[in-house]
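# Chain and residue survey
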Amino acid sequence: MKSDEDWMQHALQLAEYAASQGEVPVGAVLVYQDQCIAEGWNQTITRHDPTAHAEVVALRQAAQQRQNYRLLDTTLYVTLEPCVMCAGALVHARVQRVIFGAYDPKTGAAGSRFDILRDLRHNHHLECQGGLLAEPCGAVLRAFFKARRRS
């Protein structure tokens, strides 16, 4: 059985792949019963789609595979704290747990800027934990933006 850290390492590999494609390096893995059922990385630039965040890409893939938009009893591992859009999608998809790496003080919606994932006014409540492998998750983002500023 894989640990939360193992799954986050997988998400980090996807984030590094996103960076190699010129995308903001965020990776996401959706897990059900200790099996990866979907994965995603940021693809907003390559797809010309502002909604193609890593989380949404993974949710879409899983929903198509399951032929159901409700992704009950799943855990999403993502390298960066979800934004408001992604947090809303996670609530609507009925994901059970969200584990993220780096906090996002500018647009994070799991406690940093907003707290959409923990808002008890929703009809679905999920578990949320941040800071898993925060340093390597943040490092890949810092390196990406540092390289962009240089060019």
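Quick look at the structure, then. Given the structure is predicted, the values throughout are model-derived calculations rather than measurements.

### A short note on the packing of aromatic side chains
According to the stated counting rule, one finds four aromatic pairs in the structure shown. Each ring, one from Trp 7 and one from Tyr 77, has its centre 6.5 Å from the other, and the planes form 25 degrees; the classification is stacked. Here Trp 7, found in helix α1 (residues 4–20), pairs with Tyr 77, found in strand β3 (residues 74–80); they are 70 residues apart in sequence, far enough to count as distant. Considering the side-chain rings of Tyr 17 and Trp 41, the 5.0 Å spacing of their centres and the 80 degrees angle between planes classify their relative orientation as edge-to-face. Remark: Trp 41 occurs in strand β2 (residues 35–41) and Tyr 17 occurs in helix α1; sequence separation between them is 24 residues. With relative accessibility at 38%, the residue Tyr 17 sits in the partly exposed group. We note Arg 66 situated over the ring of Tyr 32; from NZ or CZ to the ring centre the distance is 4.2 Å.

### Comments concerning unusual backbone geometry
What you tend to see is this: most non-glycine residues have negative phi, and most peptide bonds are trans. Positive phi values are uncommon outside glycine, yet Gln 33 reaches one of about 50 degrees. Overall, Gln 33 belongs to the exposed group, its relative accessible area being 60%.

### Some points on helix α4 (residues 134–150)
In this model, α4 (17 residues) spans 24 Å end to end at C-alpha, consistent with the 24 Å of a helix rising 1.5 Å per residue. Those residues of α4 that fall on the buried side of the exposure criterion are Cys 137, Gly 138, Val 140, Leu 141 and Phe 144. Looking straight down α4, one finds that the buried residues subtend no more than 155 degrees of arc, so they occupy a single side. Exposed and facing more than 90 degrees away from the buried side of α4 are Glu 135, Arg 149 and Arg 150. Where α4 is buried, its residues contact α1, β3 and β4 (97–102).

Each value, and the rule that gives it
Residues numbered from 1 in each chain as written. Predicted model: local features only at pLDDT ≥ 70, side-chain atom pairs only at ≥ 80, totals over all residues. Heavy atoms only, no water. Phe/Tyr/Trp six-rings, centres within 6.5 Å; stacked < 30°, edge-to-face > 60°. Helix = DSSP H or I, 4+ residues; strand = E, 2+ residues; numbered from the N terminus. Buried < 20%, exposed > 50% of the residue type's maximum accessible area, 1.4 Å probe, protein only. Lys NZ or Arg CZ within 6 Å of the ring centre and 35° of its normal. Expected span 1.5 Å × (residues − 1). Arc of directions from axis to C-beta. Contact = heavy atoms within 4.5 Å.

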